[in-house]
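One-letter residues, chain by chain:
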Amino acid sequence: MLAFLGKRFLSLIFTMLAVSALVFAAFEFTPGQVARKVLGPFATQDQVDQLTERMGLNRPVYERYWEWLTNTASGNLGTSTLYKTEVNNIIWDRLGNTLILAAVAFAIIVVASIFFGIAAGMREGSKLDRAISVASIVTTSVPEFASGVFLASIFVIWLGVLPGTSPLESSGQWSIAAQLVLPVSVMVLYDLGYVVRMVRASMVEVMTKPYIRTAILKGLSFRQVILKHALRNAMIAPFTVILLQINYLITGVVVVEAVFAYPGFGRMLLEAALAQDIATVEAASLFAVFVTVTTQIVGDLGYMYLNPRIRFA
Amino acid sequence: MTGSAARTVPGTPPGLKLVKPKPILELRNVGISYMVRAGELKVVPNVSLTLHEGEALGLVGESGCGKSTLAYAIMRYLGGSGRLSGGQILFEGRDMGKMSDAELRSIRGSRMAMVYQDPMSSLNPTISIGRQLMEVPIVHSGATEAEARARALTMLAEVKLPDPETLFDRYPHQLSGGQQQRVVIAMALMAEPSLLVMDEPTTGLDVTVEAAVLDLVATLRRKHNTAIVFISHNLGTVVRICDRIGVMYAGELVEEGPITEVFRDPSHPYTRGLLNAIPSLNADKRNSPLTAIPGQVPPILARPKGCVFAPRCIYVEPGRCTARPIETQFYGETGLHRVKCVRTRELPRHARPTAANANQAPQAEETGRPMLQIGGLEKAYHQSAGMFGGGGYEVHAVDGIDLEAGRGTTLAIVGESGCGKSTFAKVLTGIEQSTGGTVQLGGTEIGKTPVEARDAGTKRAIQMVFQNPDSTLNPSHSIGYVLSRAIRKLRGISARAARDETEALLKTVNLPTEFANRKPRQLSGGQKQRVAIARALAGEPELILADEPVSALDVSVQAAIINLLVDIQQKRGSTMLFISHDLSVVRYLADHVAVMYLGKVMEFGKVRDVFAPPYHPYTEALMSAVPIADPDVKRERIILEGAIPSPTERPKGCPFATRCHRKIGPICDEQVPPEQRTEGGHRIACHIPLEELKAVERFAF
């Protein structure tokens, strides 16, 4: 067990190093000077050169990478050229905002996908199954910007019961909770259908297994068969898929955050990348990698818990 | 006609009332259908039978004859598309067709229970054994946790599982196949049901494990007075458990009666066909060919109007047999034996083929120098111990074996799973490389050459036939393509020449040449195995490696495939390595036999020497375990305790010492047994002197 966690920790460190190096390289080889972006099109070449000198951008790339690496290791994430402040000052707020959004959406997705997936998959081809399957295809195939606009036009413009933007400021007319409703709904709508179909497919397969027949012929009621014998087995396969949604919810929410002007992590990453704000992008990438690898570790641990065949291998 | 007078008795046979008073299960004109897109498939048109308290009825027949359908219909579990289309099933006097779901639940698992074919998949992989057992009393008698636990532990002990307390918290995958099946049996017997339905409960288990499970079932049945419906394709296992036997063909019960009566005087031609298809006592390829039943079970929609067996029957009389459905008539003196055949009274009494009617010329058995010579062959796997692969140890899957097979002869390798026979086959084919010793094929060393590095000649010289033809033929390629590609690859000849050769190959394996255009799914299991054999022959190999080639097939088809293999070998003179766990087939087919245990050869010799005393104690145990399809053969069974030790815990002395019933003392644990040889090349690795080993009864096969 310790060996397993040790190995996983090493692979986490290694992946973070690899990704940070790749991001550095990507910025190195994309056209355009960082100092020019910071100063704008009307600055003289002299000013640009001066800034480049001051930021140390004319040193060799490995020197800068090493410097960044040692700084990061000691907790100093550098200065954002876009937001003109320490990265540490902005990233945690943004992350916190996104985490609220992601946590609420994730909780809803997990509960609802298990519920609907099991309900659909326990009797393949039933009316309930068909209804759920069709609904999940429809919601998943509508892109977030479309459903965002659609929901906003109903609840904001027509009914006027929800705010159209979510800047997360409690000074205005709308409470923070009200501001979260639409972004969360769009994310849940988009992601839920996919996960439901995963759970459903796994449940359908489990229901054809001989041990389900054993449970029925033991005299258990349908309810007991589902809850005691099918549920846990049906969760083994989709478990990793469900955890992968965390990555989407944290780093892939750019569209939702943009639509609702939500001050989150995804939007920050997008803006920073467009402005070649390397310090911010590096910090954000590291965090994204951290989330991905950590959810994988959690996934493996959960998998072991659910599947005794792995546990006692 | 013989002493037993056949007569047609309408209604109840006179003998029936006297015997047993309390019927547990009655099927009255039961019909079972599946609703499919094509319409209604009447899988079982009309079956009647009665099972009394404590009685065991065996149901036999080829696959697709409706045995399992009937079993699940008894449990009233037919899935979404199946239904009872006619008649009644009475369980303990109550009509199951009229039961509500709640009533059904209350008898399933408590009054009637089931044991399944594949125990591993029948147990829930994520729930501990104990929990799965405890469910039964909790659901059916409202037992408390503590009561249920106590009951589960009692049952685990009753099915003779070692250390029930420890086993209780284990998960199914941590148990061996035999142990899993014991758990399933324990689960079925938790609530002392009056009826136990067993669907091929020992198929897929090793012969020694099978024997132990069958003994257990026989014991428990007597103890609890449980009635059993026992479904099997193996007539031998039915003989061990049942007092009555029913033979099913194409959904009909064509013959049914007390087991001794049916076996002594089988009166339906199909029953006779099944019996003739098993290698009979002491028969071998030199003295009596096996008789396969020609043709195959008709598809449900194409069932003949008259007797369903008529198209395959050698006694068929057109008109009388084919005009109208056949009535069941009672036969024999007890009036308990019934049969669905209009010509029963006219048929000659069934005679088992015996060694006396030997007709074939003896084969060239000792000719020539060996084709395959194995000297001290070893295959060890490295097992790493630590996180970084440091340390570790060697695990010997094959541990120094010496064997040889003469040109044109058959060498059979037998042993339980885990004995190393598959690893040996992998080394021969070059999938794995040996780690010691020699493997010589026609004088060329091949043991350390992986298959990619072998020259075309060597690749061509060794071809394989696998156990399961379904998974070895690519479903999207036509038979003709499969064969012609093998011919072109192995012999390097043109496409045009290969086409003629394909036709010739199909003829060799007795398939019509039109089969070249068919896809594997259009073929039956036996036909697919013929194609697999034809594919192996494509390169005109010197050595055919057949890994359990008939164990997935029905007995009637099995006989035909065995005959084909014998025939091909005689015509082509190829050497065959036959890996099998079925000793009666080995007895029939082999010239030499090697008995393997834990990677070592325990006994090797000519087939008649191995199958006669002196036996190695392991050989003796294997032979005693084989279920014989003859109720008159009574034999002492040697039940081996425990399973094969893992190769990592190989005993220091004799590998078999931990399970041996004839162990003589510490010498067995500490010293590697000497190889005792007799003239004629018979070798036995055992500490017991040959004279003493000789003093046992000979097993009839």
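Residues numbered from 1 in each chain as written. Chains lettered and ligands numbered in written order. Predicted model: local features only at pLDDT ≥ 70, side-chain atom pairs only at ≥ 80, totals over all residues. Heavy atoms only, no water.

1. Notes on the overall build of chain A
Moving on, step 1. Counting its regular elements, chain A contains 14 helices and 2 strands.
Moving on, step 2. Projected onto its principal axes, the C-alpha coordinates of chain A cover approximately 85 × 60 × 30 Å.
Moving on, step 3. Taking the contacts inside chain A whose residues are at least 6 apart along the sequence as the reference set, 70% of them involve residues at least 24 apart.
Moving on, step 4. Accessible surface, chain A: about 15800 Å² in total, of which carbon and sulfur atoms supply 69%.
Moving on, step 5. Computing the positive centroid from 23 side-chain charges and the negative centroid from 19, chain A places the two 20 Å apart. (Helix = DSSP H or I, 4+ residues; strand = E, 2+ residues; numbered from the N terminus. Contact = heavy atoms within 4.5 Å. Areas by Shrake-Rupley, 256 points an atom, 1.4 Å probe, with all protein chains shown as cover. Lys, Arg positive; Asp, Glu negative; His and termini not counted. Charge placed at Lys NZ, Arg CZ, Asp CG, Glu CD.)

2. Details of the packing of helix H5 (residues 87–121) of chain A against helix H13 (residues 278–306) of chain A
Residue and element names in this part refer to chain A.
Moving on, step 1. Where H5 contacts H13, the two axes come as close as 11 Å, and the packing angle between them is 40°. With respect to H13, the axis of H5 lies oblique. The two elements H5 and H13 meet at a crossing, and its hand is right-handed. Here H5 contributes Val87, Ile91 and Leu95 to the contact with H13, which in turn contributes Ala279, Thr280, Ala283, Ala284 and Phe287.
Moving on, step 2. Class assignment for the residues of the contact of H5 with H13 results in 7 nonpolar, 1 polar and no charged. (Axes fitted to C-alpha atoms, helices over the stretch in contact; angles between N-to-C directions. Parallel < 35°, antiparallel > 145°, perpendicular 65-115°, else oblique. Left-handed = near helix turned anticlockwise from the far one by under 90°. Nonpolar A, V, L, I, M, F, W, Y, C, P; charged D, E, K, R; others polar.)

3. Quick word on the sheet that holds strand E5 (residues 94–95) of chain B
Residues and elements named next belong to chain B.
Moving on, step 1. Spatially, 4 strands are ordered E2-E1-E4-E5 in an open sheet, and the strand pairing comes out antiparallel. Two strands close off the open sheet at either side, each with one partner strand: strand E2 (39–52) and E5.
Moving on, step 2. In this structure, strand E4 (residues 82–91) lies alongside E5, joined through 2 bridges in antiparallel fashion. In the strand pairing of E5, Phe91 is matched with Arg94.
Moving on, step 3. Against the sheet, helix H2 (residues 67–74) touches strand E1 (23–36), E2 and E4, its axis set at about 115° to E1. (Pairing = 2+ DSSP bridges.)

4. Comments concerning the packing of aromatic side chains
Each pair of aromatic rings is reported with the distance of its centres and the angle of its planes.
Moving on, step 1. In total, this model carries 14 aromatic pairs over all chains according to the counting rule given.
Moving on, step 2. Between the aromatic rings of B:Tyr597 and B:Phe656, the centroid separation amounts to 5.0 Å while the plane-to-plane angle is 80°, which identifies the pairing as edge-to-face. Note that B:Tyr597 is positioned in strand E21 (residues 592–597) and B:Phe656 in the loop between helix H22 (617–625) and helix H23 (666–670), a separation of 59 residues in sequence.
Moving on, step 3. Given a relative accessible area of 0%, B:Phe656 falls into the buried group.
Moving on, step 4. Three or more aromatic residues joined by ring pairs make a cluster, and in this case those are A:Phe24, A:Tyr65 and A:Trp68.
Moving on, step 5. The side chain of A:Arg232 reaches across the aromatic face of A:Tyr305, ending 5.2 Å from its centre. (Phe/Tyr/Trp six-rings, centres within 6.5 Å; stacked < 30°, edge-to-face > 60°. Buried < 20%, exposed > 50% of the residue type's maximum accessible area, 1.4 Å probe, protein only. Lys NZ or Arg CZ within 6 Å of the ring centre and 35° of its normal.)

5. Considerations on the UniProt feature "domain: ABC transmembrane type-1" (unreviewed entry) in chain A
Moving on, step 1. Taken from the UniProt record, the annotation "domain: ABC transmembrane type-1" (unreviewed entry) applies to residues 95–299 of chain A.
Moving on, step 2. Within the segment residues 95–299 of chain A, helix and strand shares are 80% and 0% respectively, and the terminal C-alpha atoms sit 22 Å apart. (UniProt positions renumbered as here; feature names shortened; annotations may be inferred.)

6. A word on the sheet that holds strand E14 (residues 393–406) of chain B
Residues and elements named next belong to chain B.
Moving on, step 1. If you walk across this open sheet you meet the 4 strands as E14-E13-E16-E17, and the pairing is antiparallel. A single partner strand is all that each edge strand has here, and the edge strands are E14 and strand E17 (444–445).
Moving on, step 2. The pairing of strand E16 (residues 436–441) with E17 spans 2 bridges and is classified as antiparallel. Looking at E17, one finds that Gln440 is bridged to Glu445.

7. As for the nonpolar core
All names here are of chain B.
Moving on, step 1. Counting 103 residues, the largest nonpolar core has Leu25, Leu27, Ile185, Leu195, Leu235, Tyr249 and Tyr270 as the members making the most contacts within it.
Moving on, step 2. Top element by residues in this core is helix H8 (residues 177–189). It accounts for 7 residues.
Moving on, step 3. Beyond its immediate stretch of four places on either side in the chain, Leu195 contacts Ile24, Leu25, Leu51, Ile74, Phe91, Arg111, Met112, Ala113, Thr226, Ala227, Ile228 and Val229.
Moving on, step 4. The next biggest cluster of nonpolar side chains, apart from the first, holds 71 residues, and it includes Ala546, Ile562, Met576 and Val585. (Core = buried A, V, L, I, M, F, W, Y, C linked by side-chain atoms within 4.5 Å.)

8. Observations concerning unusual backbone geometry
Among all residues save glycine, negative phi is the norm, and among peptide bonds the norm is trans.
Residues and elements named next belong to chain B.
Moving on, step 1. A cis geometry characterises the amide bond from Pro613 onward to Pro614, with omega recorded as 0°.
Moving on, step 2. Considering the arrangement of structural elements, one finds Pro614 in the loop between helix H21 (607–610) and H22.
Moving on, step 3. A positive phi angle, close to 50°, is found at Glu540, a residue other than glycine.
Moving on, step 4. Tracing the backbone shows Glu540 in the loop between helix H18 (525–537) and strand E19 (543–547).
Moving on, step 5. Here Glu548, not a glycine, exhibits a phi torsion of approximately 50°, which is positive.
Moving on, step 6. Note that Glu548 resides in the loop between E19 and helix H19 (555–572).

9. As for the UniProt feature "signal peptide" (unreviewed entry) in chain A
Moving on, step 1. Under the local residue numbering, the UniProt record ascribes the feature "signal peptide" (unreviewed entry) to residues 1–25 of chain A.
Moving on, step 2. Helix and strand shares over residues 1–25 of chain A are 96% and 0% respectively, and the end C-alpha atoms of the span are 36 Å apart.

10. A look at the pattern of salt bridges
Residues and elements named next belong to chain B.
Moving on, step 1. For the coordinates displayed, the defined rule picks out 40 salt bridges over all chains.
Moving on, step 2. For the salt bridge of Glu256 with Arg338, the shortest nitrogen-to-oxygen distance reads 2.8 Å. Here Glu256 is found in strand E10 (residues 252–258), whereas its partner Arg338 is found in strand E12 (residues 337–339), with 82 residues between them in sequence.
Moving on, step 3. Glu256 gets classed as buried once you look at its relative accessible area, which sits at 3%.
Moving on, step 4. Assessed through its relative accessible area of 14%, Arg338 is described here as buried.
Moving on, step 5. The salt bridge partner of Glu620 is Arg662, with a shortest N-O separation of 3.3 Å. Taken together, the residues span a long stretch of sequence, with Glu620 in helix H22 and Arg662 in the loop between H22 and H23 at a distance of 42 residues. (Salt bridge = Lys/Arg side-chain N within 4 Å of Asp/Glu carboxyl O.)

11. Examining a positive patch on the surface
Residue and element names in this part refer to chain B.
Moving on, step 1. On the surface, a cluster of positive charge is made up of Lys459, Arg485, Arg488 and Lys489.
Moving on, step 2. With 3 residues, helix H16 (residues 479–491) is the single largest residue contributor to the positive patch.
Moving on, step 3. With respect to the element layout, Arg488 can be found in helix H16. (Patch = residues over 30% accessible without salt bridge, like charges linked within 9 Å, V, L, I, M, F, W, Y side chains within 5 Å.)

12. Considering H22(B)
Moving on, step 1. Of all 9 residues in H22(B), 9 are buried; the element is thus mostly enclosed.
Moving on, step 2. What H22(B) keeps buried is the set B:Pro617, B:Tyr618, B:Thr619, B:Glu620, B:Ala621, B:Leu622, B:Met623, B:Ser624 and B:Ala625.

13. Concerning the packing of H5(A) against helix H8 (residues 176–207) of chain A
Residue and element names in this part refer to chain A.
Moving on, step 1. It is the contact of H5 with H8, at a shortest axis distance of 6 Å, that shows an interaxial angle of 35°. As for the relative orientation of H5 and H8, their crossing is right-handed in sense.
Moving on, step 2. When the residues that make up the contact of H5 with H8 are grouped by side-chain class, the tally is 23 nonpolar, 3 polar and 2 charged.

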